[in-house]
Each structure stands twice: as structure tokens, then as C-alpha cells.
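# Coordinates in review
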Amino acid sequence: MALLIQGCRQEAEAPDYSDFVHVVKKGQFELYVPPYLHPDRNVNQRAAVAYTDSLHNSFLMVYREVIPDTEDDSIEITLDEYAIYAAQAAEDMLTDASLRQQDTLTLSGYPALAMKYTGTYGGHDIWYCLTVVRTEAYFFQVSGWTLKQYADTRGRDLYNAMLTFYPYH
């Protein structure tokens, strides 16, 4: 009986993307973004795309970095190594950063690591999520954050948006 209830609960918690906005960055990737987020290039000029909801202090950004050619040096930068590098920026930004969850995923056939953090920034309690994806030629970082009080609503939406990330080959 408990297994049946658990199965129903998981099905009921499936993300609803019906009102999310389909975003395509031509030749790079696509994903679905919560409808209350709006494009905002002023958040970070290095980001391939950046979205904000300033009313609720919620943000979503995607970065794309070329994987350096280190074949001559017999060095391969693994997803795990890049994830440590990417996570360090989040940990440096947040005071008292605490990794709450880490998941190994496959997004559109590519290996990915997803992490959820809590911490403090500018005196505000923050919920932060970061997903790192490795393709043949690029590393992608999809990051989102909101006030910790919105973790169960806006935070869930940001994490679910990351799960829709689809890099192009």
C-alpha cells in the first residue's frame, strides 16, 4: 500500500510546463522558462541568456564555455572537475554556503550534475541551484536563485526549468 501511495505521489509531483515559455538560443540550446521571468541582459553580460523576476528576487542564467583543447597535454577536463569549478563561484558568492542536494542526471543524452545550495547573500537567505552539462564541445552552466522563502515555489520552478535544458550538438 505504501508503494502505491508513493507511486501516486511521484506522478502527482511531475512538473507542469504548460505555462512555461520556450526559449531557443539559436545554434546553442533551448529550455523552458517560468512565465514570470523576463529577459534581462543587465544581470550578466557573459551569460548566453539571463532572466529575472525582480519582484521576487528570482534569476535564471545559462553560460556556455568552449571545452579547451588539452589533448596534446593528455588532459581531459571531466564533468566532475568542471562542476567543482562552477560550484566554487556559487560557494564564493554565498556566505555560509551549504550544499543541500547533488544529483547525477542525463539531459538530452548528455551527462549533467545538478546541485542545490542555501546560503546568505547581501543579508538575504538564498536558495541556489546549478546544473552543469558537458557536450562534445561545450560546458554549460544553468544557474538559478531566489530568496529561500520561495524555494518551494519559485525555486522548484527554476530547478524544473533546468531539467528542460537541451543543448544542440
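The following refers to the structure shown. (Residues numbered from 1 in each chain as written. Predicted model: local features only at pLDDT ≥ 70, side-chain atom pairs only at ≥ 80, totals over all residues. Heavy atoms only, no water.)

### Considering the sheet that holds strand β9 (residues 138-147)
Put simply, the test is: Pairing between strands is defined by DSSP: at least two bridges between them are needed. Strands are runs of DSSP state E lasting at least two residues, helices are runs of H or I lasting at least four, and both sets are numbered from the N terminus onward. Should any heavy atoms of two residues lie within 4.5 Å, those residues are counted as being in contact. Angular values range over 0 to 180 degrees, each being the angle between N-to-C directions of two axes fitted as lines to C-alpha atoms, with helices fitted over their stretch in contact.
Spatially, β3-β4-β5-β9-β8-β7-β6 is the arrangement adopted by the seven strands of the open sheet, whose pairing is antiparallel. The strands lining the two open edges of the sheet, one partner per strand, are β3 (38-39) and β6 (95-107). Taken together, the eight bridges between strand β5 (residues 58-66) and β9 define a ladder with antiparallel strand orientation. Looking at the pairing, F59 lines up with W145 of β9. Its contacts with the sheet place helix α2 (residues 79-93) against β5, β6, β7 (110-121), β8 (124-134) and β9, and it is angled at close to 15 degrees to β7. The sheet contacts of helix α3 (residues 151-163) involve β4 (49-53), β5, β6, β7, β8 and β9, and relative to β9 the element is tilted by about 170 degrees.

### Some words on the sheet that holds strand β10 (residues 166-167)
On the basis of which strands lie adjacent, the open sheet formed by three strands has the order β1-β2-β10 and antiparallel pairing. Edge strands, defined here as strands with exactly one partner in the open sheet, are β1 (21-25) and β10. Where strand β2 (residues 29-33) meets β10, two bridges bridge the pair, whose relative direction is antiparallel. Bridge pairing in β10 places F29 opposite P167.

### Considering the nonpolar core
Note the cut-off: As used here, the term nonpolar core means buried Ala, Val, Leu, Ile, Met, Phe, Trp, Tyr and Cys residues forming a set that is joined through side-chain atoms within 4.5 Å. Relative accessible area decides the class of each residue, using a 1.4 Å probe on protein chains only: under 20% of the type maximum gives buried, over 50% gives exposed, and in between gives partly exposed.
Ranked by internal contacts, the top residues of the largest apolar core, which has 27 residues, are F29, L31, L60, V62 and F165. Of all the secondary-structure elements, those providing two or more residues to this core are β2, β4, β5, β7, β8, β9 and α3. Among the elements that line this core, the one with the most residues is α3, at five residues. Aside from chain neighbours lying at most four places away, what touches F165 is F29, E30, L31, V62, L107, S108, V133, F140 and V142. By size, the runner-up hydrophobic cluster in this structure holds 23 residues, among which are Y82, A83, M115 and I126.

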